Amino acid sequence: MIDTSIFNSDISENLNNWLTTKTLGGFSRKSSFQYYDKHLWKPIRNTLKSIAEYTDKSIEELELLSCCYSGELFRVHNYNKRVRAHIFPLECYQSWCTEDGLEALSSLGGEVLLIRGHASLEDFAIKTIDLMLYLKPEIFEPLLSGHHELCRYVPEHEVSMPIRKSNVDGVYVVEARHLTEWRSFSKPLEQEKWFRNNW
């Protein structure tokens, strides 16, 4: 049985704020990620983990599980060549995108850091828009199909997942305008510069 608490208004409000209060490639406080992890992603993840263990799943449970993503993922950071190491691994959920979402990020301008990673089903990476439509279709479906500000997040194909060293497969420096062609235009970053120990 699905924990009905994930359908409450606080979860929906936090999910909406998760999308709309962030800046592409911008800096976010660690405390912000910790807040959303506690009040949004942890309840969702716990529910998904429980359902995944069921032998017999209802149609509703299978629909919720279909919000999980497995496959290649990307994340874009601002790039500063003077910084010695760039990525802070954090167990809190953060925004990634599928390769289809890179075009929406190409407007950032200048050089950016492109993180290429992967998610397995055991990571419980979550397709953010799909989750919104599952939890509150009566609210989010009209907004996402019209001219509401939420519509601009659809092309990003966002997937939410923590940043773990084990999920990072490559890090590259690339001009933002070439994000969709990163294989041809990027420069791999030396592995010793990937991870840092402080925020």
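Residues numbered from 1 in each chain as written. Predicted model: local features only at pLDDT ≥ 70, side-chain atom pairs only at ≥ 80, totals over all residues. Heavy atoms only, no water.

A short note on the side chain of Asp37
For the record, the criterion: Every helix listed is a DSSP run of H or I at least four residues long, and every strand listed is a run of E at least two residues long, numbered separately from the N terminus. The buried label applies to any residue whose accessible area, calculated with a 1.4 Å probe on protein chains only, is under 20% of its type's maximum; exposed applies above 50%, and partly exposed to all values in between. In this count, Lys and Arg are taken as positive residues and Asp and Glu as negative ones, while His and the chain termini are left out. Put simply, a salt bridge is a Lys or Arg side-chain nitrogen that is within 4 Å of an Asp or Glu carboxyl oxygen. By the criterion applied in these results, polar contacts are pairs of N or O atoms within 3.5 Å in which, for protein atoms, one can donate a hydrogen and the other can accept it, and in which residues neighboring in sequence qualify only through two side-chain atoms.
Looking at the secondary structure, you find Asp37 in helix H2 (residues 30-52). Despite its burial, Asp37 pairs with no opposite charge; the closest candidate is Lys42, at 7.4 Å N-O. Separated by 2.8 Å, the side chain of Asp37 and the backbone nitrogen of Tyr93 make a polar contact.

Comments concerning the pairing of strand S6 (residues 158-163)
Successive residues of a regular strand alternate their side chains across the two faces of the sheet. To be explicit about the condition: Criterion used throughout: strands pair if DSSP finds at least two bridges between them.
Along S6, six of the six residues are buried, which leaves the element largely enclosed by surrounding structure. Looking at chain direction, strand S3 (residues 90-97) and S6 are connected through six bridges and run antiparallel. Counterpart to Cys97 in the pairing with S6 is Glu158. Strand direction decides the pairing type here: strand S5 (residues 125-127) and S6, joined by two bridges, are antiparallel.

With respect to the packing of aromatic side chains
Convention followed: Centre distance within 6.5 Å is the pairing criterion for rings of Phe, Tyr and Trp, where only the six-membered ring of Trp is used; planes under 30 degrees apart are then read as stacked, over 60 as edge-to-face, and the remainder as tilted.
As enumerated under the stated definition, the model contains eight aromatic pairs in all. Among the aromatic residues, those joined into a cluster by ring pairs are Trp18, Phe33, Tyr35, Tyr36, Trp41 and Tyr93.

Brief notes about the pattern of salt bridges
Taken as a whole and judged by the stated rule, the model has seven salt bridges. One salt bridge connects Glu91 with Arg164, and the closest N-O pair in it is separated by 2.9 Å. Placement of the pair is Glu91 in strand S3 and Arg164 in the loop between S6 and strand S7 (168-175), with a sequence separation of 73 residues. Via salt bridges that share partners, Glu72, Glu99, Arg116 and Arg183 belong to a single interconnected network.

What about helix H1 (residues 9-20)?
How we decide: Working rule for helices: expected span equals 1.5 Å times residues minus one. The criterion used for residue contact is that any of the two residues' heavy atoms lie within 4.5 Å.
Taking 1.5 Å per residue as the helical rise, H1 with its twelve residues ought to reach 16 Å, and the 16 Å between its terminal C-alpha atoms agrees with that figure. Listed as buried for H1 are Ile11, Ser12, Asn14, Leu15, Trp18, Leu19 and Thr20. Packing partners of the buried residues in H1 comprise H2, S3, helix H5 (128-135), helix H6 (137-144) and S6.

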